[in-house]
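Residue-level structure breakdown
Residues per chain are reported as follows:
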Amino acid sequence: MVIELSEYDISYQPKSTIKAQALAEFVNEATLVEDDEGNWLLHTDGSSTLAGSKSEWCSLARRGTNWNMLGVLTSKPQIMRPNMRLLLHLALFCVLIYDSKQEKESISEMAWTRVIVSCTLVSLFCLSYADEVKLTVKGVTSIGKTDDNFVCATLDWWPETKCNYNQCPWEKAGILNLDLNNKILANAIRAFNPLRLRIGGSLQDQVVYDVGRPGKKCQPFKLQDDGLFGFSKGCLPMERWDQLNKLFNETGAKITFGLNALSGRKKSPEDATLMIGKWHHGNARDFMNYTAQKGYKIDSYELGNELCGSGVSARILPEQYGKDVITLKTVLRKLYPDPSSRPKILGPGGFYDEQWFNTFLEVSGPNVVDGLTHHIYNLGAGVDPNLIKKIQDPFFLDEIAQTHKDVSTAVKLFGPWSGAWVGEAGGAYNSGGKDVSHTFVNGFWYLDQLGMTSTFNHKVFCRQALIGGNYALLNTTSFIPNPDYYGALLWHRLMGKQVLSTSHDGSPYLRAYSHCSKKTSGISVLLINMSNSTTFEVSVMDDLNLYPEEYSLSAGYSAYVWQREEYHLTPKDGNIQSDVVLLNGTPLNLTESSDIPAMDPQVVDAASPITVRPDSIVFATLRGFAAPACA
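All figures in this text were calculated on a predicted structure; none of them were measured in a lab.

What the protein contains, in helices and strands, is 14 helices and 30 strands. The buried share among the 631 residues of the protein stands at 54%. Counted over contacts in the protein with a minimum sequence separation of 6, partners at least 24 positions apart contribute 75%. Surface exposure of the protein reaches about 27300 Å², of which carbon and sulfur atoms provide 52%.

The amide bond that connects Asn193 to the next residue, Pro194, takes the cis arrangement and shows omega of 5 degrees. By the element assignment, Pro194 lies in the loop between helix H5 (183-190) and strand E8 (196-199). Following Gln464, the chain continues to Ala465 via a peptide bond in cis, the omega torsion being 10 degrees. Examined against the element boundaries, Ala465 turns out to sit in the loop between strand E20 (458-463) and helix H14 (483-494). Residues other than glycine seldom take positive phi values, yet Asn584 does so here, at roughly 50 degrees. Positionally, Asn584 belongs in the loop between strand E26 (581-583) and strand E27 (586-587). The phi torsion at Asp615 lies on the positive side, around 50 degrees, for a residue other than glycine. Relative to the elements of secondary structure, Asp615 occurs in the loop between strand E29 (610-612) and strand E30 (616-622). For Asp615, a relative accessible area of 12% gives the class buried.

All right, on to the sheet that holds strand E15 (residues 344-350) then. Ordered in space as E7-E8-E11-E14-E15-E16-E18-E20, the eight strands form a closed barrel in which the pairing is parallel. Averaged over all pairs of adjacent strands, the angle between strand axes in this sheet comes to 25 degrees, irrespective of strand direction. As judged from the three bridges shared by strand E7 (residues 151-155) and E20, these two strands associate in the parallel manner. Across the sheet, the residue bridging to Cys152 is Cys462, located in E20. Packing of helix H8 (residues 318-335) onto the sheet brings it into contact with strand E11 (254-259), strand E14 (300-303) and E15, and relative to E15 it is tilted by some 155 degrees.

At their nearest, the axes of helix H13 (residues 442-455) and H14 sit 9 Å apart, and the two run at 25 degrees to each other. The orientation of H13 with respect to H14, classified from their angle, is roughly parallel. Read as a crossing pair, H13 and H14 show a hand that is right-handed. Residue-level contacts link Asn442, Gly443, Tyr446, Leu447, Leu450, Gly451 and Ser454 of H13 to Asp484, Gly487, Ala488 and Trp491 of H14. A class-by-class count of the residues in the contact of H13 with H14 yields five nonpolar, five polar and one charged.

Okay, the pairing of strand E25 (residues 563-571) next. Of all nine residues in E25, seven are buried, a share of seventy percent or more. Looking at chain direction, E25 and strand E28 (residues 602-605) are connected through four bridges and run antiparallel. Looking across to E28, one finds that Gln563 is bridged to Asp605. Note that E25 and E30 share six bridges and pair antiparallel. Paired with Arg564 across the two strands is Leu622, which belongs to E30. Alignment of E25 against E26, held across three bridges, turns out to be antiparallel. In the strand pairing of E26, Thr570 is matched with Leu582.

Our focus in this paragraph is the side chain of Thr154. Position of Thr154 relative to the elements: it lies in strand E7. There is a polar contact of 2.4 Å between the side chain of Thr154 and the side chain of Gln464. What Thr154 contacts, discounting residues up to four positions off in sequence, is Arg198, Gly423, Cys462, Arg463, Gln464, Ala465, Leu466 and Ile467.

With that settled, consider the state of the cysteines. All told, the structure shown has four disulfides when counted by the stated rule. Across the disulfide, Cys218 is cross-linked to Cys235 (sulfur-sulfur distance 1.9 Å). Where Cys218 bonds to Cys235 through sulfur, the torsion about that S-S bond is close to -100 degrees, and the disulfide is left-handed. Of the two residues, Cys218 sits in the loop between strand E9 (207-210) and strand E10 (234-237) while Cys235 sits in strand E10, which places them 17 residues apart along the sequence. Along the protein, the cysteines engaged in disulfide bonds are linked according to the scheme 1-6, 2-3, 4-5, 7-8 when indexed in sequence order.

Tallied over the entire structure, the rule returns 20 salt bridges. The shortest N-O distance in the salt bridge between Lys172 and Glu160 comes to 3.0 Å. One end of the pair, Lys172, is in the loop between E7 and H5; the other, Glu160, is in the loop between E7 and H5, with 12 residues separating them in the sequence. On the accessibility criterion, Lys172 (49% relative accessible area) is partly exposed. With a closest N to O distance of 3.1 Å, Arg213 and Asp210 form a salt bridge. A relative accessible area of 19% places Arg213 in the buried class.

Parameters and conventions
Residues numbered from 1 in each chain as written. Predicted model: local features only at pLDDT ≥ 70, side-chain atom pairs only at ≥ 80, totals over all residues. Heavy atoms only, no water. Helix = DSSP H or I, 4+ residues; strand = E, 2+ residues; numbered from the N terminus. Buried < 20%, exposed > 50% of the residue type's maximum accessible area, 1.4 Å probe, protein only. Contact = heavy atoms within 4.5 Å. Areas by Shrake-Rupley, 256 points an atom, 1.4 Å probe, with all protein chains shown as cover. Pairing = 2+ DSSP bridges. Axes fitted to C-alpha atoms, helices over the stretch in contact; angles between N-to-C directions. Parallel < 35°, antiparallel > 145°, perpendicular 65-115°, else oblique. Left-handed = near helix turned anticlockwise from the far one by under 90°. Nonpolar A, V, L, I, M, F, W, Y, C, P; charged D, E, K, R; others polar. Polar contact = N/O pair within 3.5 Å; in protein donor to acceptor, adjacent residues only side chain to side chain. Disulfide = S-S within 2.5 Å. Salt bridge = Lys/Arg side-chain N within 4 Å of Asp/Glu carboxyl O.

Structure, rendered in structure tokens:
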């Protein structure tokens, strides 16, 4: 019998004795008597090429017969090593489907038994296969630096009448109706020690502050067809502001507050979305003065939300916005004469538009804006049925990298006194995906974004939201932490400010990032395995060579024998849409007193590779790793 394969560019290399023996025994035991009636064809649709492809299937057929062989190589696009692809192709013999009695009788019972046994063994071999990966960390110099409190979460203004896609997922999670006495909420914030919180969102440019307005009623947001985002203006009572600050003070939160930037403006007669006129800052000034007089600590103020570029529901020209930010700076200088206690200024808080951002920075000038904030919702609409596919597609996730780079470049060229921030990121817009954004799988997007933005020298990453909608870190009704909460907490505790260059020679479905450790010597790495079928055995190497062109594999690495601390995150029952996450095999559940559970690592020999199983996330701290950048 002749097996005719479709075009291959597989290269074969000697492997261990066990692998070679398994292959040899398979060929020997499974060889069938040659049949002159036809040849076998293996169709792979490109999935067997060295460059890889996005094929999800391959089939085996025999010319002139009704025999068919169906087999799924992987449930999503996957780039595989040549030896892995070969073993998978061989394992596909185990799923022969045929409807010709004559063809079946041409194979003896003994030969058929050998086929089944051999195929089963090869299939088991394939399932247990672990891809060996060499992860190289360049520890001599850092490539970026984050803020100490890089992880940030948002509190939004949305009322419970905020609805999308026939659902209203905000309930009582908005700034004006959130239960501030909930013990889980306080403990969740306190666990970060501190957590940066951004108070803002779509409705912030319709907020009136109930101070300096004698005789006027303070009304909540109401549905209004002709209002921005379908809502009327809403009012923040100072009593509520006092209650919020009580929570912030007790939990040690660092606060960014988003100010109403549309006060005093009117619609352009030529363009209904363009708001013209200068910012009337009187109400905002009274609010900031009240805040200062009360001694409430504000880390930063941000002017406006999503008013840059083409805007979302409204927009402002960059020249006018630059002037308004200068006005804000002047007000803060008067309210806070001491620069050491003066809140920073952030802006513009919207989607990146190169010309708009550059013009704004040029107009506002040096040392006015401290943080250049931009928003990302790169997964698209929350109702998109392909959300999970996007989240687990590294090629799709990489598409947003250019935006992060462009914002970082804008800072270098037009505002080197400032820093790049992701001021709001929920993954999927319109409150997130109902069955996706609060589950384990969303961590592939979220933690990958934390890693990616840090490599582009971003200082802060604000997750939409701490609570509310489908994309919150806490369950909207029970306040119980969702999986991404624990991922964020581990990042905050383990990943330091200095970002290190990290690369590996394995599949793109393995994402890897490394930083100097936050509170110990050495480094901490984050490994994200988006594959649902491949286990990676990751060996971390230290590249101390300053001259890559002279680099060789036999030099440049430091040997270390210290113990390694590992934190393996996996979904309950292997279901990536579970909202329960396991740490080293144990579910992370609140304690009886509603405290965040202890998150202890498993300690292993640092000389052994890090095992990253399919659909899992691993943080690891390598205390003995020699990285001069971390000294």
